[in-house]
Amino acid sequence: MSRIGKKPITLPAGVTFNYDNGVVTVKGSKGTLTRNIGNEIGVEIDGATVTMTCPDGAKSDVQAKHGLYRALVANMVKGVSEGFTRNLIINGVGYKAAVQGNKLVLNIGYSHPIEVVAPEGISFACPTQTEITVSGIDKELVGQTAANIKAKRPVEPYHAYGVRYKEETVIMKEGKKAGK
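Computed from a predicted model, the values in this text were never measured in an experiment.

Each value, and the rule that gives it
Residues numbered from 1 in each chain as written. Predicted model: local features only at pLDDT ≥ 70, side-chain atom pairs only at ≥ 80, totals over all residues. Heavy atoms only, no water. Helix = DSSP H or I, 4+ residues; strand = E, 2+ residues; numbered from the N terminus. Rg over C-alpha atoms; globule rule 2.2 N^0.38 Å. Contact = heavy atoms within 4.5 Å. Areas by Shrake-Rupley, 256 points an atom, 1.4 Å probe, with all protein chains shown as cover. Lys, Arg positive; Asp, Glu negative; His and termini not counted. Charge placed at Lys NZ, Arg CZ, Asp CG, Glu CD. Phe/Tyr/Trp six-rings, centres within 6.5 Å; stacked < 30°, edge-to-face > 60°. Lys NZ or Arg CZ within 6 Å of the ring centre and 35° of its normal. Pairing = 2+ DSSP bridges. Buried < 20%, exposed > 50% of the residue type's maximum accessible area, 1.4 Å probe, protein only. Core = buried A, V, L, I, M, F, W, Y, C linked by side-chain atoms within 4.5 Å. Salt bridge = Lys/Arg side-chain N within 4 Å of Asp/Glu carboxyl O. Polar contact = N/O pair within 3.5 Å; in protein donor to acceptor, adjacent residues only side chain to side chain.

**Things to note about the overall build of the protein chain**
Each helix and strand counted, the protein chain has three helices and 13 strands in total. Scaling as 2.2 N^0.38, a compact globule of 180 residues should have a C-alpha radius of gyration of about 16 Å, whereas the protein chain reaches 21 Å, well beyond that. Overall, the C-alpha framework of the protein chain stretches about 70 × 45 × 25 Å when taken along its three principal axes. The long-range share in the protein chain, meaning contacts at least 24 apart out of those at least 6 apart in sequence, stands at 50%. Counting every atom, the protein chain has about 10,800 Å² of accessible surface; 49% of that belongs to carbon and sulfur. Once the 23 positive and 16 negative side-chain charges of the protein chain are each reduced to a mean point, those two points are 9 Å apart.

Below, the structure is given as structure tokens:
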């Protein structure tokens, strides 16, 4: 049995949880998320607490999904109540970002600006010209969108030019040395 799968999920005030025929629907102040988790894992709702149960004698693949589905449902609950954000930093001479409607326009060293259209449920913000904030209620979509932006200009290890996560540490390489 999974230790993570055994943990109960507490529902914050204002969040409604519905489980019907293998489909979990979580509704909160920020929006609604739906996920199909199948009928192998049991879901018990007790007031403001949700518990995922794995049947005794279940196959190993069902036991492996126990903790996974509990974590996914917990992320859904957190997403509709608080939301998720991912912060990116742009570093480079003349590199900058701006939001135009639902598009993020990046000037990151190419001959043309790069435009990234926000998927449905994602919003972009630029507190400064070198910071990007990706936010939304779906943790997977927020992370994938931030990774797609980061992939537009990977960080190079000599000057650290490029797009990186705010909490990421770039390991710098040593440059050329002067002749002896």
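After presenting the structure, the write-up continues.
**Section: the packing of aromatic side chains**
Throughout the structure, instances matching the rule amount to one aromatic pair. The ring centre of Tyr165 lies 4.0 Å from the NZ or CZ of Arg86, which sits over that ring. Above the plane of the ring of Tyr110 lies Arg153, whose end atom (NZ or CZ) is 4.2 Å from the centre.

**Things to note about the sheet that holds strand 5 (residues 42–46)**
Taken together, three strands build an open sheet; the order of strands is 1-6-5 and the sheet is antiparallel. Edge positions in the open sheet fall to strand 1 (9–10) and strand 5, since each of these has one partner strand only. Summarising the sheet, strand 1 and strand 6 (residues 49–53) pair through two bridges and their orientation is antiparallel. The partner of Ile9 across the bridge, within strand 6, is Val50.

**Side note on the pairing of strand 3 (residues 23–27)**
Only one face of strand 3 is buried: it carries Val24 and Val26, and the other face, with Val23, Thr25 and Lys27, is open. Remark: two residues form the turn of the hairpin made by strand 2 (residues 16–20) and strand 3, two consecutive strands paired antiparallel; Asn21 in that turn has positive phi of roughly 55°. Pairing of strand 3 with strand 4 (residues 32–36) involves five bridges; the strand directions are antiparallel. Residue pairing for strand 4: Lys27 is matched across the bridge by Thr32. The loop that links strand 3 with its antiparallel partner strand 4 comprises four residues; one of these, Gly31, has a positive phi angle of about 155°.

**Quick notes on the nonpolar core**
Nonpolar side chains in soluble globular proteins tend to be buried together. Judged by nonpolar contacts, the single largest core of 23 residues is most densely connected at Phe17, Val24, Val26 and Met52. Breaking this core down by element, the ones donating at least two residues are strand 3, strand 6 and helix 2 (60–81). The biggest single contributor to this core is helix 2, with eight residues.

**Let's talk about the environment of Gly143**
Structurally, the position occupied by Gly143 is in helix 3 (residues 139–150). The exposure class assigned to Gly143 is partly exposed, which follows from its relative accessible area of 26%. When the C-alpha atoms of Gly143 and Thr85 are compared, they prove to be 8.4 Å apart, with 58 residues separating the residues in sequence.

**Describing the pattern of salt bridges**
The full count for this structure, using the stated rule, is six salt bridges. In this structure, Glu168 engages Lys150 in a salt bridge whose closest nitrogen and oxygen atoms are separated by 3.8 Å. Taken as a pair, Glu168 in the segment after strand 13 (162–165) and Lys150 in helix 3 lie far apart in primary sequence, 18 residues in all. The class of Lys150 is partly exposed, set by a relative accessible area of 23%.

**Let's talk about the environment of Ala118**
Inspection of the secondary structure assignment puts Ala118 in the loop between strand 10 (114–117) and strand 11 (122–125). By relative accessible area, which is 13% here, Ala118 ends up buried. Excluding residues within four positions of it along the chain, Ala118 makes contact with Asn102 and Phe124.

**Re the side chain of Ser135**
With respect to the secondary-structure elements, Ser135 resides in strand 12 (residues 131–136). Here the side chain of Ser135 touches Ser123 through a polar contact of 2.8 Å, side chain to side chain. Sequence-distant contacts of Ser135, that is, excluding residues within four places in its chain, are made with Phe84, Thr85, Gly121, Ile122, Ser123 and Val142.

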